[in-house]
Amino acid sequence: AAKSEGRGNFQFFSQAMNAATHERVMMENRLWQALGENQFELYLQPQVSLGSGDVVGAEALLRWHHPELGMVTPSRVIPIAEESNLIFALGDWVLVRATEVLAEWRRDGMQTLRLAVNLSARQCQGRELLPRLDQLIARAGIDPALLELEITESTAMRDPEATRGLLRELRERGIHVAIDDFGTGYSSLSYLKLFAIDRIKIDRGFVTDIETDANDAAIVTATVSLAHSLGLTVVAEGVETAYQSSFLRSRGCDEAQGYLFARPMPAAEFRSFMQAARARPAVVP
Ligand code: C2E
Ligand code: MG
Ligand code: MG
Ligand code: MG
């Protein structure tokens, strides 16, 4: 009895697993198809200087418009893409589109705006990244210093020696690097002196409760101070309230990004947003 029961459990487990695998494979196929059918879009979220109130850049965030599922967020797309070679094709699509956006901005007189692009771990490990960046930057005729690549601590620490080499190469080209979701990984701070980085992005998780949680407020204050001591700039993510913005500014945080200023939006909308911003005086809470 025990034996057949065991086999039964295995079959049950196996069926559940097949369903999950099936779902993943379906999703992966849909994503490949989506690439072919141009269903992806890069949304842009403004990054605001807390000193001047000006929009100084934007982060590019992937969106998928599925004909039936509607808009799908990257948290559902990236993990599936990461498990297959899709991440290389999708990551490449993002880089192509990002360099096009920088070229469009340049034509539209927004030639000082910086664009930040998220890189996935496997994209960083591939050998094609640097030559591809050189090619895309040349093709778009853009200033490499206006391109910023965001990597998380865990991506950076997967292979610290390789990351060190990659970041050195990026710096030689003038491409900027930001550490995304800073403080959410489990790595020691020593990587900060090892890697050629330009910026730290304070994770939304520390910003949300700044007003009520003294520990979060202390962590944010210390992070700004640490970053500046190391000669890095700081951007805060997920700023939603005037209190958060003024707290961050009072602590010397350089820039902020969040729903208080604007949600991520399509490129055409971003252009109108910038035109409107130019017409009115900048006011940062
Ligand atoms: P992230 O890079 O940390 O991006 C910030 C996320 O916070 C974005 O979510 C953004 O829409 C959201 N956000 C911005 N301001 C606020 C706010 O005030 N409140 C709240 N609640 N959320 C805010 P999104 O667009 O869903 O992206 C999620 C994650 O997916 C990103 O986190 C990034 O890790 C990844 N991702 C997005 N686009 C790409 C991409 O092109 N390539 C790769 N590899 N990853 C991407
Ligand atoms: Mg990011
Ligand atoms: Mg982040
Ligand atoms: Mg995040």
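So, a few notes on the structure that sits alongside this text.

Conventions used here
Residues numbered from 1 in each chain as written. Chains lettered and ligands numbered in written order. Predicted model: local features only at pLDDT ≥ 70, side-chain atom pairs only at ≥ 80, totals over all residues. Heavy atoms only, no water. 1 Å grid on protein atoms, 1.4 Å probe; cavity = no way out; pocket = protein on both sides within 12 Å on 5 of 7 lines; lining within 4 Å. Points joined across faces, edges and corners; volume = space filled by probe spheres on them. Helix = DSSP H or I, 4+ residues; strand = E, 2+ residues; numbered from the N terminus. Nonpolar A, V, L, I, M, F, W, Y, C, P; charged D, E, K, R; others polar. Near = heavy atom within 4 Å. Polar contact = N/O pair within 3.5 Å; in protein donor to acceptor, adjacent residues only side chain to side chain. Areas by Shrake-Rupley, 256 points an atom, 1.4 Å probe, with all protein chains shown as cover. Sits in = over half its atoms within 2 Å of the grid points.

1. So, empty space enclosed by the protein
Line of reasoning, step 1. On inspection of all chains with the given rule, the structure shows one cavity of 30 Å³ or more.
Line of reasoning, step 2. Here the largest cavity defines a volume of roughly 40 Å³.
Line of reasoning, step 3. What lines the largest cavity is Glu104, Trp105, Asp108, Met110, Ala267, Phe270 and Arg271.
Line of reasoning, step 4. Residue contributions to the lining of the largest cavity peak at three residues, all from helix H12 (residues 267-279).
Line of reasoning, step 5. Residues that form the lining of the largest cavity fall into these classes: four nonpolar, no polar and three charged.

2. Comments concerning the site of ligand 1
Line of reasoning, step 1. In the neighbourhood of ligand 1, 22 residues make up the surrounding shell, with Arg63, Asn118, Asp180, Glu240 and Tyr259 lying closest.
Line of reasoning, step 2. Separating a nitrogen atom of ligand 1 from a side-chain N or O atom of Gln45 is a distance of 3.0 Å.
Line of reasoning, step 3. In isolation ligand 1 has 800 Å² of accessible area, and contact with the protein removes 82% of it.
Line of reasoning, step 4. Judged by the fraction of its atoms near the pocket grid, ligand 1 is located in the largest pocket.
Line of reasoning, step 5. Of all the secondary-structure elements, those providing two or more residues to the shell around ligand 1 are strand E2 (55-66), helix H2 (74-82) and strand E6 (176-182).
Line of reasoning, step 6. No other element matches the four residues that E2 contributes to the shell around ligand 1.
Line of reasoning, step 7. In terms of residue class, the shell around ligand 1 is made up of nine nonpolar, five polar and eight charged.

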